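Structural characterization, general
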Amino acid sequence: MAIAKAFFTSLRSAFSDPDYGVNSSPSVVFHAFSSSGVTTSRRRKYTVYCTVDGVDSMSLSPALKAEQESGYVPLPIVHLIQDPECDATTVEISFGDRLGLLIDTMKALRDLGLDVVKGIVTTEDSVKKTKFLITRLDTGRKVEDPDLLERIRLTIINNLIKYHPESSEQLAMGEAFGIKAPEKKPDVDIATHIHVKDDGPKRSILHVETADRSGLLVEVVKIMADISIDVESAEIDTEGLVAKDKFYVSYRGAALTSSLSQVLVNCLRYFLRRPETDEESY
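Residues numbered from 1 in each chain as written. Predicted model: local features only at pLDDT ≥ 70, side-chain atom pairs only at ≥ 80, totals over all residues. Heavy atoms only, no water.

1. Some words on the side chain of threonine 155
The criterion, for reference: Secondary structure counts use DSSP, requiring at least four H or I residues in a row for a helix and at least two E residues in a row for a strand, with both numbered from the N terminus. When checking whether two residues touch, look at their non-hydrogen atoms; a contact exists if any pair is within 4.5 Å.
Looking at the element boundaries, threonine 155 is found in helix α4 (residues 146-163). If we skip the residues at most four places from it in the chain, threonine 155 touches Ala108 and Leu112.

Quick look at the structure:
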């Protein structure tokens, strides 16, 4: 909470800075906060419009007003990155320029036994991106457990729906928990793309793109474990109704052979196909 308050103080100081103004050209703003304090860098003049989980601290920007009047809803994006060179799990969240300080989201992550060790907020072309570096409270290291990674993803999405109900129509979880279910859900067969390519002699990259649903990450990792494929790192990306995941994988310390790659693709396609296919096959 102290980190969030310090971060909020830095934003308030920006409001009163006479050097800041409205700039019609694209601007990039960086705010970073951690236990050691807050740093702010600027590259061009800009005006900051801030909300705290949907509660305005200033009047809405003209661009946001125009969006709301037109009924436009930006694409919500939740991105989890498992970088083997980093001791923390990276979480990136964006929803146009509507996200606030995400204090409640940070609290929800702490309730999962996690610590937000650093946070960075960038604003570019009216899109605000919030990046958290999180670790487990008990070990001080990044999250390795697929079940916990999925809980992190769903917790962030649930908070997004709670504080920004308009996002529910662009999220798969909005059908069950949102005020408005998605009007047009992606066709699973059309939306699903799976391919494997080598990333050197010791590992391969698995790309999975499909319609998002609860438990997807856990099931994909379980399928790989069932055929003895090791997941070294991953990037878990939720873009609205679609999941776009990338896994760095290996088999006994080497890249996947073409035959094993095909087995993996076939197993994933079998799991991700339409639910009604099961009923029609009996």
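Here the narrative resumes, following the displayed structure.
2. Looking at helix α8 (residues 258-272)
Rule in force here: Expected helix span is given by 1.5 Å per residue-to-residue step, counting one fewer step than there are residues. Burial classification: accessible surface area is computed with a 1.4 Å probe over protein chains only, and a residue below 20% of its type maximum counts as buried, one above 50% as exposed, and the rest as partly exposed. Of all possible arcs, the one meant is that of the directions from the helix axis to the C-beta atoms.
Counted at 1.5 Å a residue, the expected span for α8 with its 15 residues is 21 Å, and the 21 Å between its end C-alpha atoms agrees. Taken together, the buried positions of α8 are Leu260, Ser261, Leu264, Val265, Leu268 and Leu272. Seen end-on, α8 carries its buried residues on one side only, within an arc spanning 140°.

3. Side note on the packing of α4 against helix α7 (residues 216-226)
How we decide: Note on definitions: angles span 0 to 180 degrees between N-to-C directions of axes, and those axes are lines fitted to C-alpha atoms, for helices only across the stretch in contact. Each angle is binned into one of four classes, with values under 35 degrees roughly parallel, values over 145 roughly antiparallel, values of 65 to 115 roughly perpendicular, and all other values oblique. In this scheme the crossing of two helices becomes right-handed for a clockwise turn of the near helix relative to the far one and left-handed for an anticlockwise turn of less than a right angle. Note on residue classes: Ala, Val, Leu, Ile, Met, Phe, Trp, Tyr, Cys and Pro are nonpolar, Asp, Glu, Lys and Arg are charged, and everything else, Gly too, is polar.
In the contact formed by α4 and α7, the axes pass within 8 Å of each other and the chain directions differ by 160°. In terms of axis orientation, α4 runs roughly antiparallel to α7. Handedness of the α4/α7 crossing: right-handed. Contact with α4, carried on its side by Pro146, Asp147, Leu149 and Glu150, involves Leu216, Leu217, Val218 and Val221 of α7 and no other residues of that element. Residue composition of the contact of α4 with α7, grouped by class: 6 nonpolar, no polar and 2 charged.

4. Observations concerning unusual backbone geometry
Glycine aside, residues mostly have negative phi angles, and peptide bonds mostly take the trans form. Of note in the backbone geometry, serine 228 takes a positive phi value of approximately 65° without being a glycine. Positive phi is not limited to glycine here, since arginine 252 has a value of about 55°.

5. What about helix α3 (residues 103-111)?
All buried positions along α3 are accounted for by Thr105, Met106, Ala108 and Leu109. The buried residues of α3 occupy an angular sector of 160° when the element is viewed end-on, so they sit on one face. Counted as exposed and oriented over 90 degrees from the buried face of α3: Lys107 and Asp111. Where α3 ends, the next residue or the one after it, glycine 113, has phi of about 85°, a positive value.

6. Description of the packing of α3 against α4
Two numbers describe a pair of packed helices, the interaxial angle and the distance between the axes. Contact geometry for α3 and α4: axes closest at 10 Å, N-to-C directions at 150°. The pairing of α3 with α4 is recorded here as roughly antiparallel in orientation. Of the two elements, α3 crosses α4, and the hand of that crossing is right-handed. Contact with α3, carried on its side by Asp104, Thr105, Ala108 and Leu109, involves Ile152, Thr155, Ile156, Asn159 and Tyr163 of α4 and no other residues of that element.

7. Overview of the pairing of strand β11 (residues 230-239)
For a regular strand, side chains alternate in direction, first toward one face of the sheet and then toward the other. The line we're drawing: Paired strands, in this sense, are two strands between which DSSP finds at least two bridges.
Bridge analysis of strand β5 (residues 77-82) against β11 gives 6 bridges, and the strand direction is antiparallel. Note on β11: the bridge partner recorded for isoleucine 77 is glutamate 239. By the bridge criterion, 9 bridges tie β11 to strand β12 (residues 242-250) in an arrangement that is antiparallel. Across the sheet, the residue bridging to isoleucine 236 is aspartate 245, located in β12. Counting the residues between successive antiparallel strands, the hairpin from β11 to β12 contains 2 residues, one of them, glycine 240, with a positive phi of roughly 65°.

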